[in-house]
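# Structural overview
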Amino acid sequence: MRVIAGTYRSRILKSLKGLALRPTSDRLRETLFNVLAPNIAGSRFVDLFAGTGAIGIEALSRGAAEVVFIENHAPAATLIRRNLESLSINTGVTVLAVDALRGLAMLASRKQQSDPSFDYVFLDPPYSAAEDYARVLEFLGSATLLASGAIVVAEHRRNFDLREEAGALRRFRVLRQGDAALSFYRHGGAPRGENNSAE
């Protein structure tokens, strides 16, 4: 598994052996960042159910100012720290070894009114964890963590259809690739005409 583009392009990231993690494929990661790339530089990013940390590290490689990795599986949280160390990334990153909702609640409780909000959230729970999708989207749609116009992206099984709305989140795009899909939500709604689907 490699970083696709940016400062750390082609650097190798470690993963866990076995089936403990299901990393986002390189191809799907490239598709994701082809959509997000124009606005990643200087942004604040949350990588939920972070696994190896590949998504958040890709965001850092492309110029994100800050990334928070939230990963409940202790060996995976350790792996994220090792991947960051291997790239000598020691500023602008936080690794929270807690479950997704607790991590988001921690971020929300720490946030001061003057603090910048988050611009992007990527979530990739186990595909079978339907309730995790609903709970996290609902939290993000009602919390004050996200900037106006922030983008939330959920990776899910191709044939699993997520809800169109969750609080202030509105789905505006679905990209399908192989067995996986990415649902894109905008905080505060999407411009008219953006609700589209693509293979």
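Conventions and cut-offs
Residues numbered from 1 in each chain as written. Predicted model: local features only at pLDDT ≥ 70, side-chain atom pairs only at ≥ 80, totals over all residues. Heavy atoms only, no water. Helix = DSSP H or I, 4+ residues; strand = E, 2+ residues; numbered from the N terminus. Rg over C-alpha atoms; globule rule 2.2 N^0.38 Å. Contact = heavy atoms within 4.5 Å. Areas by Shrake-Rupley, 256 points an atom, 1.4 Å probe, with all protein chains shown as cover. Lys, Arg positive; Asp, Glu negative; His and termini not counted. Charge placed at Lys NZ, Arg CZ, Asp CG, Glu CD. Salt bridge = Lys/Arg side-chain N within 4 Å of Asp/Glu carboxyl O. Phe/Tyr/Trp six-rings, centres within 6.5 Å; stacked < 30°, edge-to-face > 60°. Buried < 20%, exposed > 50% of the residue type's maximum accessible area, 1.4 Å probe, protein only. Core = buried A, V, L, I, M, F, W, Y, C linked by side-chain atoms within 4.5 Å. Expected span 1.5 Å × (residues − 1). Arc of directions from axis to C-beta. Axes fitted to C-alpha atoms, helices over the stretch in contact; angles between N-to-C directions. Parallel < 35°, antiparallel > 145°, perpendicular 65-115°, else oblique. pLDDT = per-residue confidence, 0-100.

## A word on the overall build of the protein
The number of helices and strands found in the protein is five helices and nine strands. At 15 Å, the protein has a C-alpha radius of gyration in line with the 16 Å of a compact globule built from 199 residues. By sequence separation, contacts in the protein at least 24 residues apart represent 62% of the contacts at least 6 residues apart. Carbon and sulfur atoms make up 47% of the accessible area of the protein, which totals about 9500 Å². The distance from the centre of the 25 positive side-chain charges to the centre of the 21 negative ones in the protein is 4 Å.

## Regarding the pattern of salt bridges
Inspection of the entire model under this criterion finds ten salt bridges. Here R171 makes a salt bridge to E164, at a shortest N to O gap of 2.8 Å. Taken together, the shared-partner salt bridges connect D26, R29, E58 and R62 into one network.

## Some details on the packing of aromatic side chains
Scanning the entire structure with this criterion turns up four aromatic pairs. Ring geometry for Y133 and F160: centres 5.5 Å apart, planes at 50°, overall tilted. Remark: F160 occurs in the loop between β5 (146-157) and β6 (165-166) and Y133 occurs in helix α5 (residues 130-142); sequence separation between them is 27 residues. Since its relative accessible area comes to 1%, Y133 is described here as buried. F160 gets classed as partly exposed once you look at its relative accessible area, which sits at 24%. On the basis of an interplanar angle of 50° and a centroid distance of 6.2 Å, the ring pair of F172 and F184 is categorised as tilted. Of this pair, F172 sits in strand β7 (residues 169-177) while F184 sits in strand β8 (residues 180-187), and the two are twelve residues apart along the sequence.

## Section: the nonpolar core
Counting residues in hydrophobic clusters, the biggest one holds 61 residues, and the most contacted among them are F45, L48 and L123. Per-element accounting of this core gives the leading share, seven residues, to β5. Leave out the neighbours within four places in its chain, and F45 touches F33, L36, I40, I55, A59, E66, V67, V68, F118, Y120 and F122.

## Focus on helix α3 (residues 74-86)
The terminal C-alpha atoms of α3 lie 18 Å apart, and with 13 residues this matches the ideal 18 Å at 1.5 Å per residue to within 8%. Turning to α3, its buried residues are A76, A77, L79, I80, N83 and L84. The buried residues of α3 occupy an angular sector of 155° when the element is viewed end-on, so they sit on one face. Those residues of α3 that are exposed and angled more than 90 degrees off the buried face are R82 and E85.

## Description of the environment of L84
Within the fold, L84 resides in helix α3. Under the relative-accessibility criterion, L84 is labelled buried at 4%. In contact with L84, other than residues within four places in its own chain, are I57, L60, F69, I89, V93 and V95.

## Observations regarding the packing of helix α4 (residues 100-110) against α5
Orientation of α4 relative to α5, taken along the N-to-C sense of each, is 10°, at an axis distance of 10 Å. Classified by the interaxial angle, the pair formed by α4 and α5 is roughly parallel. Of the residues in α5, those in contact with A100, L101, L104, A105 and A108 of α4 are R135, V136, F139 and L140.

## Remarks on the confidence of the model for the protein
For the protein, per-residue confidence averages 88 on the pLDDT scale, and 90% of positions sit at 70 or higher. Under a pLDDT of 50 for its full length, residues 189-199 has, in the predicted model, 21 contacts with residues more than four places off or in other chains.

## Thoughts on the side chain of T31
Among the secondary structure elements, T31 is positioned in helix α1 (residues 26-36). Overall, T31 belongs to the buried group, its relative accessible area being 18%.

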